[in-house]
Structures are given as C-alpha cells and as structure tokens.
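# Structure assessment
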Amino acid sequence: MLRRLSVPLVVLALTGVAGCGPGAGPGDGSVSLTVTRDFGSRELISKSVGGLPESETVMRLLGREAKLTTRYGGGFVQSVDGLKGGRLDGRPADWFFFVNGREAPKGAAATKVRPGDAIWWDFRDWGEATNVPAVVGSFPEPFLHGPGTEKKLPVRVECIEVGSAPCRAVSRALAEEGVPVATQAFRSQVADETIRVLVGQWRQLRDETSILSIEEGPRASGVYARPSASGEEIALLRPDGSTARTLAAGAGIVAATAFGEGPPVWVVAGTDDAGLVAASKAFNARSLRNRYAVVAEGTQVTGAPRAGGGR
C-alpha cells in the first residue's frame, strides 16, 4: 500500500514530465497546454495560453482550462474533466505531466511555467513504467527552451557518419525550428549540460552508456520500443510491456531518455541504413507530436507504445 500511494504522489502529479505538441513561438510568451490520454493516442485539450502571471504553476495552468479534483493537499491530480485515476481495465492508471519533454524535479503545484514552455498532461497506464524520464512528443522542445525547469542548453547532434543524409536531415530539422546546433562525430567530445542527439545504426550507438537502458525496456528507460543487442530488430511494445510487433530490416526509432536529473539524450537510430533514413525522416513535429517515442518503416511512423490499437 505504501508503494502504491508513493507512485502517483511523487511521480505522477508531483513530477514534471515533458510537454507535448508544437511549442509556442520562442518570443511570444505564450505557453502550449496539451491534455491527452493513453500515451497521447487521444487528444482532449490543445491550447496556446498567453497573459499568464509570473507566478503561474503547471497545476494552476491546468485548472484554468479544465475541471480538476485533487488529493494529498492539492498536490496530486485525481481527475481532469471527470477522467479519474485509479484502475483502467484492471491496471493502474493516473495523470502524469511533462514539461518540455522532461520530468521535473518538483511537483505540479511547485513547478513554475515559463514563457514558451510546452506542458503536456497525459492519463496513462503506469503498471510497466512509473518513470518516463523524457519523451519526444513536445518537439521542438526541449531544444528551444531547455528541458523541464532547466535553463536552455546547447544542442549537439552526434553522427556516426557526419555529412550523411540522416545526419544532415536531423541537423536541418533543428535549424528549421530556430535551434542553434553543433554537428560533430559521435562521442568526439564530451560536455556536461548539453542536449545530445545521437544519429546512427543502433549497433553503432549502443556503446553509449546513457542510452543502453533502452535495450532493457520501459522500466529502465521509459521507452516502449526495445532494440535488440545486435541492433537487427526493434520490438514495438504495448503499454503492459508485451511485444506488439517486431520490426527488422528497414526499421528505425526516435526516442529520448535521461539519467537522474541530467539532460535528456535523444536517439535517431535504425536497424540498418534504410531504417536510419526512416528514423531521420520522422524527426519532425508532425511525426512526433503527442508521442512518447516512435518507430518508423519507410514513411510509416507508429507511436510507442502501441496504445489503443496504435497510431
């Protein structure tokens, strides 16, 4: 019982998780608010909100646009417009929130909203993963305004093959969003406080310890797509962690994870060259919107996990 109560209190409403949907323009001072359910597969609210006080918090922002009930002294969201946490099809489900694609170290009532932030609340099954350190669904965040409550950070694209078409595509996608980015060879330089985007075949990238947890599944990384150690397959998972489908040749993945309170690390990877090309083409706001991670084959992009029949 103690463990059950601690999860929603500390992780769900009191933990900031990342924003979703296209963020507000860098200079207009508005905030993007998105409310979804089932890992972003159903959008309930999507608004750009301006004129907020400097003291605005993630909790108060949600309360402006939806009817809330709370628990634990107002620190935990119990329901949003009648959708209540507890059990869903026999599994635990509650409200989680994301700020610019990242978990926050403080709760919703204590996390202030900054101009340009992308706030995403999602009602989801947490039986397989109580923690989801980072998501891709707020692209172009966290690259524009920084992850969660952190300051804006430098962005570095690290490619196995600098100058390759996937490497150029990823760098160009960021530049088109107004993100200053440095492009260099994979692991050619180590720097703290940098958001890294790693581009290459999974078998070439997996020596990087900061992303290796993705192979262990969502309990370890928060990512519901699991590449094999050989890099030849990617398992697309359901919310309960079971495998919905196994992708092989020509498959790619775009995902993000993080360790502790460090900056998120993004991965644009493939089982082979064709898969890497597919992943790099999915690195854009339209493909990533409201998704925790994605897998790609050719022009087909599917959200991970495969929730409610998938998208």
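Summary of the structure given here. (Residues numbered from 1 in each chain as written. Predicted model: local features only at pLDDT ≥ 70, side-chain atom pairs only at ≥ 80, totals over all residues. Heavy atoms only, no water.)

Attention shifts here to the overall build of the protein chain. When helices and strands are counted, the protein chain shows seven helices and 18 strands. Counting every position in the protein chain, which comprises 311 residues, the buried fraction comes to 57%. Of all intrachain contacts in the protein chain linking residues separated by at least 6 positions in sequence, the fraction that spans at least 24 positions is 65%. As presented, the protein chain carries roughly 12400 Å² of accessible surface, and 49% of it is formed by carbon and sulfur atoms. (Helix = DSSP H or I, 4+ residues; strand = E, 2+ residues; numbered from the N terminus. Buried < 20%, exposed > 50% of the residue type's maximum accessible area, 1.4 Å probe, protein only. Contact = heavy atoms within 4.5 Å. Areas by Shrake-Rupley, 256 points an atom, 1.4 Å probe, with all protein chains shown as cover.)

Right, let's talk about the environment of Ala-182 for a bit. Relative to the assigned elements, Ala-182 resides in strand E10 (residues 181–185). Among the residues examined, Ala-182 registers a relative accessible area of 36% and is labelled partly exposed. When the C-alpha atoms of Ala-182 and Val-155 are compared, they prove to be 6.5 Å apart, with 27 residues separating the residues in sequence. Beyond its immediate sequence surroundings of up to four residues, Ala-182 is in contact with Val-155, Arg-156 and Val-157.

What follows is about the state of the cysteines. Under the defined criterion, the tally for this structure stands at one disulfide. Residue pairing for Cys-159: its cysteine sulfur links by disulfide to Cys-167, the two sulfurs lying 2.1 Å apart. On the sign convention where negative means left-handed, the S-S torsion of about 85° between Cys-159 and Cys-167 marks this disulfide as right-handed. For the pair Cys-159 and Cys-167, one class covers both residues: buried. (Disulfide = S-S within 2.5 Å.)

What follows is about the sheet that holds strand E12 (residues 225–227). The three strands are arranged E12-E13-E14 in an open sheet whose pairing can be described as antiparallel. Sheet topology places E12 and strand E14 (243–247) at the edges, where each strand pairs with a single neighbour. Across the sheet, the axes of successive neighbouring strands diverge by a mean angle of 20°, strand direction being ignored. Summarising the sheet, strand E13 (residues 234–237) and E14 pair through four bridges and their orientation is antiparallel. Bridging from a neighbouring strand, Ile-234 pairs with Leu-247 of E14. (Pairing = 2+ DSSP bridges. Axes fitted to C-alpha atoms, helices over the stretch in contact; angles between N-to-C directions.)

This part takes up helix H6 (residues 273–281). Turning to H6, its buried residues number three or more, namely Gly-275, Leu-276, Ala-278, Ala-279 and Ser-280. In the core, the buried residues of H6 are packed alongside helix H3 (165–176), strand E11 (195–201), strand E15 (251–257), strand E16 (265–270) and strand E17 (293–297). Structurally, the start of H6 carries an N-cap: the backbone nitrogen of Ala-274 is 3.3 Å from a side-chain oxygen of Asp-272. (Polar contact = N/O pair within 3.5 Å; in protein donor to acceptor, adjacent residues only side chain to side chain.)

What describes a pair of aromatic rings is the distance from one ring centre to the other and the angle between the planes of the rings. Inspection of the entire model under this criterion finds 14 aromatic pairs. Seen in terms of ring centroids, Phe-139 and Phe-143 are 6.0 Å apart; in terms of plane orientation they differ by 70°. Their pairing is edge-to-face. Ring geometry for Phe-139 against Phe-283: centres 5.0 Å apart, planes inclined by 70°, an arrangement best described as edge-to-face. Of this pair, Phe-139 sits in the loop between strand E8 (118–125) and strand E9 (155–159) while Phe-283 sits in the loop between H6 and helix H7 (285–288), and the two are 144 residues apart along the sequence. Within the aromatic cluster, the residues linked to one another by ring pairs are Phe-39, Phe-98, Trp-120, Tyr-224 and Tyr-292. The ring centre of Phe-96 lies 3.8 Å from the NZ or CZ of Arg-124, which sits over that ring. (Phe/Tyr/Trp six-rings, centres within 6.5 Å; stacked < 30°, edge-to-face > 60°. Lys NZ or Arg CZ within 6 Å of the ring centre and 35° of its normal.)

Looking along the chain, the bond that leaves Phe-139 and enters Pro-140 is cis, with omega of 15°. Along the chain, the position of Pro-140 falls in the loop between E8 and E9. Ala-304 connects to Pro-305 through a cis peptide bond whose omega is 15°. Position of Pro-305 relative to the elements: it lies in the segment after strand E18 (300–304). Not every positive phi belongs to a glycine, and Phe-39 is a case in point at roughly 60°.

Across all of its chains, the model carries 14 salt bridges by this definition. We note a salt bridge from Arg-196 to Glu-158, for which the minimum N-O separation is 2.6 Å. Highlighted residues: Arg-196 in strand E11 and Glu-158 in strand E9, separated in sequence by 38 residues. Of the residues examined, Arg-196 reaches a relative accessible area of 12% and is grouped as buried. Note that Arg-196 and Glu-208 form a salt bridge whose closest N and O atoms lie 3.2 Å from each other. With Arg-196 in strand E11 and Glu-208 in the loop between helix H4 (202–205) and helix H5 (218–221), this pair connects stretches of sequence that are 12 residues apart. Judged by its relative accessible area of 8%, Glu-208 is buried. The structure contains a network of salt bridges with shared partners spanning Arg-156, Glu-158, Arg-187, Arg-196 and Glu-208. (Salt bridge = Lys/Arg side-chain N within 4 Å of Asp/Glu carboxyl O.)

In this section: the pairing of E17. Burial of E17 is extensive: four of the five residues sit out of reach of the surface. Judged from the four bridges that link them, E15 and E17 form a sheet pairing that is antiparallel. Its bridge partner being in E17, Ile-253 is matched across the sheet by Val-295. Inspection of the sheet shows E17 paired to E18 by five bridges, in the antiparallel sense. Across the sheet, Val-295 pairs through a bridge with Thr-302, a residue of E18. Where E17 hands over to E18, the hairpin turn is made up of two residues, of which Gly-298 adopts a positive phi near 60°.

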